[in-house]
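As a plain string of letters, each chain reads:
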Amino acid sequence: MTALTLNSPAKINLFLAVVGRRPDGFHDLVSVVSQVGFGDTLTVESTDSGEFALECDDASLVVDERNLVLRAARAFREASGWPGGARFRLIKRIPQGAGLGGGSSNATTTLRALNTLAGRPLGLDSLADLAARLGSDCPLFLHPAPLIMRGRGERIELLPEVGVARLRNRRVWLFKPAFGIETPWAFRRLAARAPGGYLAPSEAEERLTEWIERSERPAEKLLFNTLESVSFDKYIALPALVSQLREMFDLNVGMSGSGSTCFAFVPESAPANLGLAVKDVVMDAWGPETFFAETSLAP
Ligand code: C5P
């Protein structure tokens, strides 16, 4: 096999409790995360050159060695000893600075693709270690099902089926204003509020367990994000729209990661044209450069 085309999906955090600062400067999280049906496409062609090269249809993306695709490729070569080269072509649909994990997803998709092209020299544990070194959100993309992430993001377990059943295939609207939010900024700002900014670890676990165990509680009741208060305080266009969508359509709106993407579940009884009405309100509030997509959580 010399070429592969893989989907590199976005993720959303349905539940994101930041529970404290670690000695390494990162934060400990308790998060429920799901991949969505929307994402980038990565084509990988193996070459004999021993070099890695990246092209992307989005000219605003850095395609030199800082790009996570090339960083992942180099990490893969170091870990596996694979001598081959590859040409990567990325079709970018996931917006940047969005909290949708686009770069992390590209990195993990690169690891998976190269591992396949190289004849699977690395097992899942080695890929997970490599992914964790590339970024906190990278390991989650090794597993398509909804997950619970803990630690910096590297401790992953499958969400129990009683929870997955309420999430599977639920449709969501994703919407992001023209501006992005820098994740390090959001965590720094939260840390400056400490200790008040964090949720106690026991409270995070209790909230999550309660949602999982009370099977009558719909997906909407899981929504929680510690970073929302930080991002919403500065970027007031976010809470303004969230209130509007709640009042007009009774929607529960969440924010993914540190933002700026917000999302809402499509109500199960929604009339067919509700998406257009919601999109009109979002575009009117945030302007014509707003990203808007309807997709669904992982099957
Ligand atoms: O790991 P990643 O490069 O995606 O993280 C980006 C930044 O977000 C980190 O440099 C750190 O400032 C912050 N972060 C954090 N705790 C996490 C994940 C990210 O403080 N668990």
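Everything numeric here is computed off the predicted structure, so don't read it as measured data.

With that settled, the discussion passes to the packing of helix α1 (residues 68–80) against helix α2 (residues 102–117). Two elements in contact, α1 and α2, have axes whose closest approach is 8 Å; the angle formed by their N-to-C orientations is 35 degrees. α2 is crossed by α1, and the crossing has right-handed handedness. Only Gly103, Ser104, Asn106, Ala107, Thr110, Leu111, Leu114 and Asn115 of α2 make contact with α1, whose side of the interface consists of Leu68, Val69, Ala72, Ala73 and Phe76. Each residue belonging to the contact of α1 with α2 can be placed in one class, and the counts come to eight nonpolar, five polar and no charged.

Let us look at the site of the ligand. Lining the immediate environment of the ligand, one finds Gly25, Phe26, His27, Leu29, Gly135, Ser136, Arg152, Thr183, Pro184 and Phe187. Contact distances for the ligand include 2.8 Å between an oxygen atom and a side-chain N or O atom of histidine 27. Contact distances for the ligand include 3.1 Å between a nitrogen atom and a backbone N or O atom of arginine 152. Burial of the ligand by the surrounding chains reaches 72%, relative to a free accessible area of 450 Å². If you tally residues by element for the shell around the ligand, the top one is helix α5 (residues 183–192), at three residues. Split by residue class, the shell around the ligand holds four nonpolar, five polar and one charged.

Okay, the pairing of strand β7 (residues 171–176) next. Within β7, five of the six residues are buried, which leaves the element mostly enclosed by the surrounding structure. Bridge analysis of β7 against strand β10 (residues 262–265) gives four bridges, and the strand direction is antiparallel. Bridge pairing in β10 places tryptophan 173 opposite alanine 264.

Before going further, it helps to examine the environment of threonine 261. Tracing the backbone shows threonine 261 in the loop between β9 (253–255) and β10. On the basis of relative accessibility, which here comes to 0%, the residue threonine 261 falls in the buried class. Not counting residues up to four positions away in its chain, the partners in contact with threonine 261 are Ala98, Leu100, Leu174, Phe175, Lys176, Gly254, Met255 and Ser256. Of note is the side chain of threonine 261, whose polar atom sits 2.8 Å from the backbone oxygen of alanine 98.

Turning next to the pairing of strand β11 (residues 291–296). For β11, the tally of buried residues reaches five of six residues, placing the bulk of the element in the interior. Two elements, β7 and β11, share six bridges in a ladder whose sense is antiparallel. For lysine 176, the partnering residue across the bridge sits in β11 and is phenylalanine 291.

Time to look at the pattern of salt bridges. Under the defined criterion, the tally for this structure stands at 17 salt bridges. The salt bridge involving lysine 11 is made with aspartate 137; its shortest N-O contact spans 3.7 Å. Remark: aspartate 137 occurs in the loop between α3 (124–134) and β5 (147–151) and lysine 11 occurs in strand β1 (residues 3–21); sequence separation between them is 126 residues. The exposure class of aspartate 137 is partly exposed, given its relative accessible area of 22%.

Mapped onto the fold, leucine 297 is located in the segment after β11. Residue leucine 297 is classed as buried on the basis of its relative accessible area, which comes to 1%. Ignoring any residue separated from it by four or fewer positions in sequence, one finds leucine 297 in contact with Ile12, Leu14, Ser34, Gln35, Val36, Leu167, Asn169, Arg170, Val172 and Phe265.

Trp173, Phe175, Leu245 and Val278 are the most contacted members of the largest nonpolar core, which totals 38 residues. Residues Leu100, Leu208, Leu222 and Leu297 belong to the second largest nonpolar core, which totals 32 residues.

Take unusual backbone geometry next. Looking along the chain, the bond that leaves glycine 259 and enters serine 260 is cis, with omega of 10 degrees. Here serine 260 shows up in the loop between β9 and β10. With a phi close to 65 degrees, asparagine 169 is a non-glycine residue in the positive phi region. You can see asparagine 169 is positioned in the loop between α4 (161–167) and β7. Looking at asparagine 169, the relative accessible area reads 45%, which means it is partly exposed. One non-glycine residue, aspartate 250, lies in positive phi territory at about 60 degrees. Along the chain, the position of aspartate 250 falls in the loop between α8 (237–249) and β9.

How each quantity is defined
Residues numbered from 1 in each chain as written. Predicted model: local features only at pLDDT ≥ 70, side-chain atom pairs only at ≥ 80, totals over all residues. Heavy atoms only, no water. Axes fitted to C-alpha atoms, helices over the stretch in contact; angles between N-to-C directions. Helix = DSSP H or I, 4+ residues; strand = E, 2+ residues; numbered from the N terminus. Left-handed = near helix turned anticlockwise from the far one by under 90°. Contact = heavy atoms within 4.5 Å. Nonpolar A, V, L, I, M, F, W, Y, C, P; charged D, E, K, R; others polar. Near = heavy atom within 4 Å. Polar contact = N/O pair within 3.5 Å; in protein donor to acceptor, adjacent residues only side chain to side chain. Areas by Shrake-Rupley, 256 points an atom, 1.4 Å probe, with all protein chains shown as cover. Buried < 20%, exposed > 50% of the residue type's maximum accessible area, 1.4 Å probe, protein only. Pairing = 2+ DSSP bridges. Salt bridge = Lys/Arg side-chain N within 4 Å of Asp/Glu carboxyl O. Core = buried A, V, L, I, M, F, W, Y, C linked by side-chain atoms within 4.5 Å.

None of this, on its own, says anything about what the molecule does.
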